[in-house]
Amino acid sequence: MHSTIVRGQNVFGFFTTVCFVVAALIAASDFLAPRTPKATVAANTVQVVRGRPHYYSTKKEEYAIIRFTMNADFSSLFTWNTKQVFVYVSASWPNSTSEELVNEAVIWDTIITNPSADHLQNIGPAAMKKLLKSAKGKSIDPKRGKIDLKNQKPKYQITAPTGKLQDTDGVVLRVHYNVQPWVGVLTWTPQIEFGSWKKLKGGVSKAFKLPSIKKKDPPKKV
């Protein structure tokens with residue numbers, strides 16, 4: 001006869017095995033859903049100024065402010081196992097010390113939740129009420145994956161380790177995403193196609209040059 005402890009261990013072991021198998025099947029089901037994301041992004045107005053880019057900056061340096069336009073469709077990334085999708089736009093430019101290295105900085109980001117994860121959003125009560133109302137009765141809302149931004153102000157400014165940015169050539173904007181499932185592994189913007197998961201179509205802007213800092217007009221003599 002087995003003791004109560006042994007029986008409890010057997011039940012618990014069986015329970016954890018079943019949970020693991022179910023979780024593995026849920027994670028594997030993501031590979032059956034096709035992913036066909038696409039995006040276009042372009043720089044609108046670009047400005048380089050000299051000052052303190054952050055409130056905690058101890059010295060003045062050059063930083064760039066890039067307004068951009070982006071149209072993206074990430075609706076295919078939303079399935080019943082999708083918790084949220086993290087989307088961000090970065091600016092990259094050649095490194096001045098090495099041809100193999102590239103400088104890259106994020107200028108804008110956002111988190112798009114599935115209706116089942118709306119309670120995790122860190123937003124105000126009014127915005128939360130509106131969000132929950134729009135998702136009432138829905139477990140999946142692919143329409144949230146469609147983004148249309150025009151002349152969007154960046155969340156973050158660009159700085160460089162050298163403190164110099166003006167007249168930098170070859171700057172490119174890129175769109176990235178990260179899919180966070182309820183069960184499974186996090187997946188980032190794929191560099192290769194894997195089955196029904198396609199690479200991000202587009203998502204790269206034309207190269208542009210950062211302008212020079214505008215010189216202040218000398219004071220007029222009276």
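Computed from a predicted structure; not experimentally measured. Residue numbers run consecutively from 1 along every chain, following the written order of its sequence. With the structure being a predicted model, the display of local features is reserved for residues of pLDDT at least 70 and the display and counting of side-chain atom pairs for 80 or more, all residues being used for whole-chain, interface and lining totals. As a rule here, side-chain values come from all non-hydrogen atoms in the structure, and water together with hydrogens is ignored.

1. Some words on the side chain of Asp-73
Okay, step 1: Put simply, DSSP H or I for four residues or longer makes a helix, DSSP E for two residues or longer makes a strand, and each gets a number counted from the N terminus. Examined against the element boundaries, Asp-73 turns out to sit in strand E2 (residues 61–73).
Okay, step 2: Each residue is placed in one exposure class: buried if its accessible area under a 1.4 Å probe, protein chains only, is under 20% of its type's maximum, exposed if it is over 50%, and partly exposed if it falls in between. Under the counting rule used here, the positive set is Lys and Arg, the negative set is Asp and Glu, and His together with the chain ends is not counted. By definition, a salt bridge exists where a carboxyl oxygen of Asp or Glu is found within 4 Å of a side-chain nitrogen of Lys or Arg. Buried and unpaired, Asp-73 has no salt bridge, with Lys-146 as the nearest side chain of opposite charge at 4.7 Å.
Okay, step 3: Pairing of N or O atoms within 3.5 Å defines a polar contact, subject to two protein rules: one partner must be a possible hydrogen donor and the other a possible acceptor, and residues neighboring in sequence count only if both atoms are side-chain atoms. Reaching out from Asp-73, the side chain makes a polar contact with the side chain of Ser-75 at a distance of 2.6 Å.
Okay, step 4: Contact partners of Asp-73, with chain neighbours within four places excluded, come to Thr-36, Pro-37, Lys-38, Gly-145 and Lys-146. Contacts between residues were defined by any pair of non-hydrogen atoms, one from each residue, lying within 4.5 Å.

2. With respect to the pairing of strand E6 (residues 172–181)
Okay, step 1: Buried residues dominate E6, accounting for nine of its 10 residues.
Okay, step 2: Here E6 pairs with strand E7 (residues 187–188) via two bridges, running antiparallel. Across the sheet, the residue bridging to Val-179 is Thr-187, located in E7.
Okay, step 3: The hairpin formed by E6 and E7 contains five residues between the paired strands, and Gly-184 there has a positive phi angle of roughly 130°. Two strands make a pair as long as DSSP finds a minimum of two bridges between them.

3. Some details on the packing of aromatic side chains
Okay, step 1: Two rings belonging to Phe, Tyr or Trp (six-membered ring only in the last case) form a pair when the distance between their centres is within 6.5 Å. Interplanar angles under 30 degrees mark stacking, angles over 60 mark edge-to-face geometry, and anything in between is tilted. Enumeration according to the criterion identifies three aromatic pairs in this entry.
Okay, step 2: Considering the side-chain rings of Phe-68 and Trp-108, the 6.0 Å spacing of their centres and the 70° angle between planes classify their relative orientation as edge-to-face. Separated by 40 residues along the polypeptide, Phe-68 in strand E2 and Trp-108 in strand E4 (residues 102–113) bring together distant segments of the chain. As far as the burial class goes, Phe-68 and Trp-108 line up, both buried.
Okay, step 3: In this structure, Arg-35 is placed above the aromatic ring of Trp-197, and the distance from its NZ or CZ to the ring centre is 3.8 Å. Sitting over a ring, as applied to charges here, requires NZ of Lys or CZ of Arg to be within 6 Å of the ring centre and within 35 degrees of the ring normal.

4. Examining the sheet that holds strand E5 (residues 146–152)
Okay, step 1: With mixed pairing, four strands are arranged side by side in an open sheet as E5-E2-E1-E8. In this open sheet, the two edge strands, each paired with only one partner strand, are E5 and strand E8 (201–202).
Okay, step 2: Pairing between strand E1 (residues 38–51) and E8: two bridges, direction parallel. Residue Lys-38 lies in a different strand from E8, and its bridge partner there is Lys-201.

5. Describing the layout of surface pockets
Okay, step 1: Cavity and pocket criteria rest on a 1 Å grid covering protein atoms alone: a 1.4 Å probe that fits but cannot get out defines a cavity, protein on both sides within 12 Å along at least 5 of 7 lines defines an open pocket, and an atom within 4 Å of a point defines a lining residue. Grid points are joined across faces, edges and corners, and a volume is the space filled by probe spheres set on the points. Roughly 250 Å³ of internal volume is contained in the largest pocket.
Okay, step 2: Forming the boundary of the largest pocket are Glu-104, Arg-174, Val-175, His-176, Thr-189, Pro-190, Gln-191, Lys-199, Leu-200, Gly-202, Gly-203 and Val-204.
Okay, step 3: With three residues, E6 is the single largest residue contributor to the lining of the largest pocket.
Okay, step 4: In terms of residue class, the lining of the largest pocket is made up of four nonpolar, five polar and three charged. Put simply, Ala, Val, Leu, Ile, Met, Phe, Trp, Tyr, Cys and Pro go in the nonpolar bin, Asp, Glu, Lys and Arg in the charged bin, and everything else, Gly too, in the polar bin.

6. A short note on the sheet that holds E6
Backbone hydrogen bonds hold the strands of a sheet together, and the pairing may be parallel or antiparallel.
Okay, step 1: The strand order across the open sheet built from four strands is E4-E3-E6-E7, with neighbouring strands paired in antiparallel fashion. Each edge of the sheet is formed by a strand with only one pairing partner; in this case those strands are E4 and E7.
Okay, step 2: Here strand E3 (residues 82–94) pairs with E4 via 11 bridges, running antiparallel. Counterpart to Gln-84 in the pairing with E4 is Thr-113.

7. Side note on the environment of Gln-152
Okay, step 1: Looking at where Gln-152 falls in the secondary structure, it is placed in strand E5.
Okay, step 2: It is 5.3 Å that separates the C-alpha atoms of Gln-152 and Arg-67, two residues lying 85 residues apart in sequence.
Okay, step 3: Filtering out sequence-adjacent residues up to four positions away, Gln-152 remains in contact with Ile-66, Arg-67, Phe-68 and Trp-108.

8. Notes on the environment of Ala-39
Okay, step 1: Among the secondary structure elements, Ala-39 is positioned in strand E1.
Okay, step 2: For the pair Ala-39 and Gly-203, spaced 164 residues apart in sequence, the C-alpha separation works out to 4.7 Å.
Okay, step 3: Excluding anything up to four places from it in sequence, Ala-39 contacts Asn-71, Ala-72, Val-175, Leu-200, Lys-201, Gly-202 and Gly-203.

9. Considering the pattern of salt bridges
Okay, step 1: One pass over the full model with this rule turns up three salt bridges.
Okay, step 2: Between Asp-109 and Lys-155 there is a salt bridge, with its nearest N and O atoms 3.3 Å apart. Here Lys-155 lies in the loop between E5 and E6 and Asp-109 lies in strand E4, a separation of 46 residues in the sequence.
Okay, step 3: Residue classification places Asp-109 among the buried residues on the basis of a relative accessible area of 14%.
Okay, step 4: Its salt-bridge partner being Asp-148, residue Lys-150 comes within 3.9 Å of it at the nearest N-O pair.
Okay, step 5: Accessibility expressed as a relative area gives 63% for Lys-150, which makes it exposed.

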